[in-house]
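Here is what each chain is made of, one letter per residue.
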Amino acid sequence: MLAKIWKKLALLILILACIFNVMNKLVHKLSLDKEMVYSAEYMMQQEENNTNNT
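Presented here is an overview of the structure given in this document.

Rules and cut-offs
Residues numbered from 1 in each chain as written. Predicted model: local features only at pLDDT ≥ 70, side-chain atom pairs only at ≥ 80, totals over all residues. Heavy atoms only, no water. Helix = DSSP H or I, 4+ residues; strand = E, 2+ residues; numbered from the N terminus. Rg over C-alpha atoms; globule rule 2.2 N^0.38 Å. Buried < 20%, exposed > 50% of the residue type's maximum accessible area, 1.4 Å probe, protein only. Areas by Shrake-Rupley, 256 points an atom, 1.4 Å probe, with all protein chains shown as cover. Lys, Arg positive; Asp, Glu negative; His and termini not counted. Charge placed at Lys NZ, Arg CZ, Asp CG, Glu CD. Patch = residues over 30% accessible without salt bridge, like charges linked within 9 Å, V, L, I, M, F, W, Y side chains within 5 Å. Salt bridge = Lys/Arg side-chain N within 4 Å of Asp/Glu carboxyl O.

This paragraph deals with the overall build of the chain. The helix and strand tally for the chain stands at one helix and zero strands. Taking 54 residues into account, the globule formula puts the C-alpha radius of gyration at 10 Å, and the chain, at 23 Å, lies well above it. Principal-axis analysis of the C-alpha atoms gives the chain an extent of 80 × 10 × 5 Å. A buried classification covers 0% of the 54 residues belonging to the chain. A total of about 5,500 Å² of accessible surface is found on the chain, and carbon and sulfur atoms cover 70% of it. Computed over 6 positive and 5 negative side-chain charges, the inter-centroid distance for the chain is 36 Å.

Here it is as structure tokens:
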């Protein structure tokens, strides 16, 4: 009886961990995309400043 409860509990914990992992990756993927865009914009501005100063 106890073994059945532990198996169900372990399965539930595993499912929750997988869902949390997927959601965490989705959230961080969006912020990574934004960070890449901001970095590209910053580099373009720096390049324009260097060409204007020379």
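So, on to a nonpolar patch on the surface. On the surface, Met 1, Leu 2, Ile 5, Trp 6, Leu 9, Leu 12, Ile 13 and Leu 16 cluster together to form a nonpolar patch covering roughly 910 Å² of accessible area. In this structure, Ile 5 sits in helix 1 (residues 2–53). Its relative accessible area of 49% is what places Ile 5 among the partly exposed residues.

One can find Gln 46 in helix 1. Gln 46 gets classed as partly exposed once you look at its relative accessible area, which sits at 32%.

This next bit is on the environment of Lys 8. Here Lys 8 lies in helix 1. The class for Lys 8 is exposed, based on a relative accessible area of 64%. In the structure, Lys 8 is positioned 16 residues away from Asn 24 in sequence and 24 Å away in space, judged by C-alpha atoms.

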